[in-house]
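If you want the building blocks of each chain, they are given just below.
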Amino acid sequence: MARPESPCLSIAIARLRTAGANHFATWVLQAPYPSGYVHHDCMWPLALSQSWKAWQEMFSPSGTIHELPLNPDGSFVSPENNQNILAEIEQQTPNSLQSLSSMPPVPLRLGQGGLVERGEQNPQQPPASYSSRLMQHLGMNLWQWLFEGPIQGSLQESKGIAIGQNLPLRVRIDLREPYLIALPWEIMQPQAGQPAISLSQQLLFSRTTSNVEPLPPLRPAESLNILLVLGQAEPGRGANSEFSRNHRHLQLEEEALALASVLESAFHTDDNGKYFDISVPTNVDTLIEPTPAELISRLETQAYNILFYAGHGIPGPDGGLLFLGPDTAINGTELAQVLVRCRVTLAVFNACWGAQPAVERLHSINGQQQAIARSSLAEVLIHHGVPAVLGMRDSIADREALSFIQTFAQALAGRMSIDRAVAVARQQLLTLYKFNQPAWTLPVLYMHPEFDGQLTEPVDDLKTELPLNSSTWLGRLPSCAYLRGRDQPNVKSSESGNQVWPISTGMVRVGRWEENDVVIREQWVSQKHAEIFCRNSIRESREEPSYFLRDFSRYGTLVLGPEGWVRVHHQELLLQSGTQLKFGSSQGQVFEFTIEVPKSSGYSETDCGTN
């Protein structure tokens, strides 16, 4: 039987529609226990806005400062009072504008000495202790603001339930205030010395969104089938000459080879031999600067479960634009249609805008802007029904992206869930590029609220079986045994009729419980009724398999012999090919046990009908 699904705590955050106020509501959307659905009202402190701005000035790779829309009193701007606030701002003098807590963005760039303001000489880089404290400070402030009051109580109870089930707790946040999306919620930590929430293996963190299309039934994948799409790096640049176009295409081909090599190597063992015995195959196809028609055709004609896109794009209200090639683009809404139709489970975007909402200008004079709700590429894809989307919160260096992708793909090939694989790859970024650097904070994972994150069959659900080239099979010809259900028109329960269960792993369990291999829902069948197993016997100096029935039931198992039906109760019985069985009652369904010997000595799973 499959392991139970990990408990989940999903929390929504929205700003209350109180004009001129700084009130937020946080409430639990999903909890593993009935009384965990709690609600909490809180204020957004100005100190947290200041901490967020200082964090960006230190850690923003692109130099972009995301300003929170604050009123002169430090509260959030609301749609209801935008016009009043704009009129009030226009009437203020330049001196009074200096008192506003929301200052214009300061362009930053990376120099050899660290982050510097435009026009200044590179100052000495701040000591590592300062940047580490700054990283910790914002992480703890975000944690304390979100997990406060009854929300904290719900988290603690949920963690206890998960520990009791020996499972991780999935923690998801639904950010319904678009300005809060830019904040690095992945760095939240309860206190100094404890890991951030996105690094923990006991708390699997992701973002989510509401009002989504339902997910169809998802079957575990038997391999990672990846479509690697390399789009245009920078639209309009270097495309004026044939030499420039050829040079750019050559660079993209080299980049595609490097990325494909990293992804394909996920199936092989790593330096420590991890994932070797349980990993799934990885297949990678590459498209370089395709047209939308070529991309759609490839997705529709091949069974991909992962899309990986690397290239340029811009945010927009419809999920933004992905520049596939020169003068060729596709927006997020258009891409969502084909991804959902082609059953792509995971979309990965190596672009700095994939997890950021679009913004619109509210006023042409003072330049005030407003983020557009549910406009980021990740949210648009999740809304349309893509199970999981991984984007970047900001620009990421090539070497950092390759390190993340390699570890992430290895973890997926090792049958980890998507959210656990992201946590492992994030840990790798932190180890390689340090805690006081922004690399590990950049990946942002969005998960559909109905998706459990499992791309392949979990390790714990795998059947125990020998590999086909095992030396255990050498020197003997294995037989193939089956248990077949036979139709009986007069029997009410016909769920098992005409079904065949190969005994390919040496045992099949029969009973009414769901964890049995053969489930019979008849009232005279015990929960754990019987099992048919294989035991090697020595005959004429040769080892041969023999099959036995072992009964554990209350009413026994009926076996058809030369003199009619005979009851076997708490006994073992050697089975011959063609033996008919009834479990529990003479009115039960008839099953037939058969043994087939392959005609050739070459053994394969096909011989036993397991393919």
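Residues numbered from 1 in each chain as written. Predicted model: local features only at pLDDT ≥ 70, side-chain atom pairs only at ≥ 80, totals over all residues. Heavy atoms only, no water.

### Notes on the overall build of the protein
Threshold: Each helix corresponds to a stretch of at least 4 residues labelled H or I by DSSP, and each strand to a stretch of at least 2 residues labelled E; elements are numbered beginning at the N terminus. When checking whether two residues touch, look at their non-hydrogen atoms; a contact exists if any pair is within 4.5 Å. Under the convention used here, a 1.4 Å probe and the Shrake-Rupley method define accessible areas, while residue burial counts only the protein chains that appear.
For the protein, the count of helices and strands is 11 helices and 29 strands. Counting only contacts in the protein whose residues sit at least 6 apart along the sequence, the fraction spanning at least 24 positions is 67%. Per element, the accessible surface of the protein, about 29500 Å² overall, is 49% carbon and sulfur.

### Here's the deal with the pattern of salt bridges
For the record, the criterion: We count a salt bridge whenever a side-chain nitrogen from Lys or Arg sits within 4 Å of a carboxyl oxygen from Asp or Glu. Buried means the residue's accessible area, taken with a 1.4 Å probe over protein chains only, is under 20% of the maximum for its type, while exposed means over 50%, and partly exposed covers the values in between.
Overall, the coordinates contain 11 salt bridges when judged by the stated rule. Across the salt bridge formed by Asp419 and Arg170, the nearest N and O atoms sit 2.5 Å from each other. Within this pair, whereas Asp419 is found in helix α11 (residues 418-433), its partner Arg170 is found in strand β6 (residues 169-175), the two being separated by 249 residues in sequence. Summarising the burial analysis for this pair, Asp419 and Arg170 share the class buried. The salt bridge involving Glu596 is made with Arg484; its shortest N-O contact spans 3.7 Å. Of this pair, Glu596 sits in strand β29 (residues 591-596) while Arg484 sits in strand β19 (residues 480-485), placing them 112 residues apart in sequence. A single salt-bridge network, built from bridges that share partners, covers Glu531, Arg535, Arg550 and Glu572.

### Focus on unusual backbone geometry
Residue Glu289 is not a glycine yet carries a positive backbone phi of 45°. When you line up the elements, Glu289 lands in the loop between β9 (282-288) and α7 (292-301). On the basis of relative accessible area, Glu289 is assigned to the buried category, the value being 15%. With a phi angle near 55°, Arg374 is a residue other than glycine that sits in the positive phi range. Tracing the backbone shows Arg374 in the loop between β16 (369-371) and α9 (377-384).

### Re the confidence of the model for the protein
Which entries qualify depends on this criterion: Values of pLDDT, the confidence the predictor places in each residue, fall between 0 and 100.
Scored by pLDDT, the protein has a mean of 79; 73% of the residues are at 70 or more. Within the protein, the lowest mean pLDDT, 30, falls on strand β4 (residues 108-111), and the highest, 97, falls on β6. Per-residue pLDDT stays below 50 along residues 489-495; that stretch engages in six contacts with residues further than four places along the chain or on separate chains.

### Concerning the packing of aromatic side chains
Worth spelling out the cut-off: Each Phe, Tyr or Trp ring, with Trp reduced to its six-membered ring, pairs with another whose centre is within 6.5 Å; inter-plane angles below 30 degrees give stacked pairs, above 60 give edge-to-face pairs, and intermediate values give tilted ones.
Considering all chains together, one arrives at 14 aromatic pairs under this definition. On the numbers, 5.8 Å between centres and 15° between planes, the contact of Phe404 with Phe408 is stacked. Here the residue Phe404 and the residue Phe408 both occupy positions in helix α10 (residues 398-413), the gap between them amounting to four residues, near one helical turn. Owing to a relative accessible area of 2%, Phe404 belongs among the buried residues under this scheme. A centroid spacing of 5.6 Å and a plane angle of 55° characterise the contact between Tyr547 and Phe593, whose relative ring orientation is tilted.

### Section: the sheet that holds strand β12 (residues 321-325)
Applicable threshold: The criterion for strand pairing is that DSSP finds at least two bridges linking the strands in question.
The strand order across the open sheet built from three strands is β11-β12-β13, with neighbouring strands paired in antiparallel fashion. A single partner strand is all that each edge strand has here, and the edge strands are β11 (313-314) and β13 (328-331). By the bridge criterion, four bridges tie β12 to β13 in an arrangement that is antiparallel. Bridge pairing in β13 places Leu322 opposite Ile330.

### Some remarks on the pairing of strand β18 (residues 443-447)
Looking along a regular strand, one sees the side chains alternate between the two faces of the sheet. For β18, the buried fraction is high: five of the five residues fall into the buried class. A two-sided burial pattern is seen for β18, the buried positions comprising Pro443, Leu445 and Met447 on one face and Val444 and Tyr446 on the other.

### Let's talk about the nonpolar core
As a reminder, the rule being used: To form a nonpolar core, buried Ala, Val, Leu, Ile, Met, Phe, Trp, Tyr and Cys residues must be joined to one another through side-chain atoms within 4.5 Å.
With 117 residues, the main nonpolar core has Phe147, Trp185, Phe408 and Ile418 as its most contacted residues. No other element matches the eight residues that α10 contributes to this core. Residues within four places of Trp185 in sequence aside, it is in contact with Ile13, Leu142, Trp145, Ile173, Leu175, Leu180, Ile197, Phe205 and Arg207.

### Quick notes on the environment of Gly556
Mapped onto the secondary structure, Gly556 falls in the loop between β24 (542-551) and β25 (557-561). With a relative accessible area of 0%, Gly556 lands in the buried category. In the structure, Gly556 is positioned 28 residues away from Gly584 in sequence and 5.4 Å away in space, judged by C-alpha atoms. Each residue touching Gly556, except ones within four places of it in the same chain, is listed here: His529, Asp551, Arg567, Val568, His569, Phe583 and Gly584.

### Quick notes on helix α5 (residues 150-164)
We apply this condition: Expected helix span is taken as 1.5 Å per residue step, with the number of steps being one fewer than the number of residues. By construction, the arc corresponds to the directions joining the helix axis to the C-beta atoms.
A rise of 1.5 Å per residue sets the reference length of α5, with its 15 residues, at 21 Å; its end C-alpha atoms lie 21 Å apart and thus fit the reference within 8%. When α5 is considered as a whole, its buried residues turn out to be Ile151, Ser154, Leu155, Ser158 and Ala162. End-on view of α5: buried residues confined to an arc of 100°, all on one side of the axis. Exposed side chains of α5 directed beyond 90 degrees from the buried face belong to Ile163 and Gly164.

### Description of the sheet that holds strand β26 (residues 564-568)
Put simply, the test is: Each axis is a line fitted through C-alpha atoms, and for a helix only the stretch in contact is used; angles between axes span 0 to 180 degrees, taken between their N-to-C directions.
Read from one edge of the open sheet, six strands run β20-β19-β29-β28-β25-β26, paired in antiparallel fashion. A single partner strand is all that each edge strand has here, and the edge strands are β20 (500-502) and β26. Each strand axis lies, on average, 30° off the axis of its neighbour in the sheet, ignoring direction. By the bridge criterion, three bridges tie β19 to β20 in an arrangement that is antiparallel. Bridge pairing in β20 links Leu483 to Trp501.

### A look at the side chain of Ser10
As for its position among the elements, Ser10 is in strand β1 (residues 8-15). Judged by its relative accessible area of 6%, Ser10 falls in the buried class. Once residues lying within four places of it in the same chain are set aside, the contact partners of Ser10 are Trp27, Val28, Leu29, Gln30, Arg172 and Thr208.

### Let's talk about the packing of helix α8 (residues 332-341) against α9
Our working rule: Any angle that falls under 35 degrees is termed roughly parallel, while one over 145 is termed roughly antiparallel, one within 65 to 115 roughly perpendicular, and all others oblique. For a crossing to be left-handed, the near helix must be turned anticlockwise from the far one by less than a right angle; the clockwise case is right-handed.
Packing of α8 against α9 brings their axes to within 9 Å, and their N-to-C directions diverge by 40°. Of the possible angle classes, the one that applies to α8 and α9 is oblique. Crossing hand, α8 versus α9: right-handed. Facing Gly332, Thr333, Leu335, Ala336, Gln337, Leu339 and Val340 of α8, the residues of α9 in contact are Leu377, Val380, Leu381 and His384.

### Structural notes on the packing of α10 against α11
Between two packed helices, what matters for the description is the angle formed by their axes and the separation of those axes. Inclusion rule: Charged residues are taken to be Asp, Glu, Lys and Arg, nonpolar residues to be Ala, Val, Leu, Ile, Met, Phe, Trp, Tyr, Cys and Pro, and polar residues to be all remaining types, Gly included.
Two numbers describe how α10 lies on α11: the axes approach to 8 Å, and their chain directions differ by 140°. Considering how the two elements wind past one another, α10 and α11 form a crossing that is right-handed. Only Ile418, Ala421, Val422, Val424, Ala425, Arg426, Gln428, Leu429, Leu432 and Tyr433 of α11 make contact with α10, whose side of the interface consists of Arg399, Glu400, Ser403, Phe404, Thr407, Phe408, Ala411 and Leu412. Across the contact of α10 with α11, the residue classes tally to 12 nonpolar, three polar and three charged.

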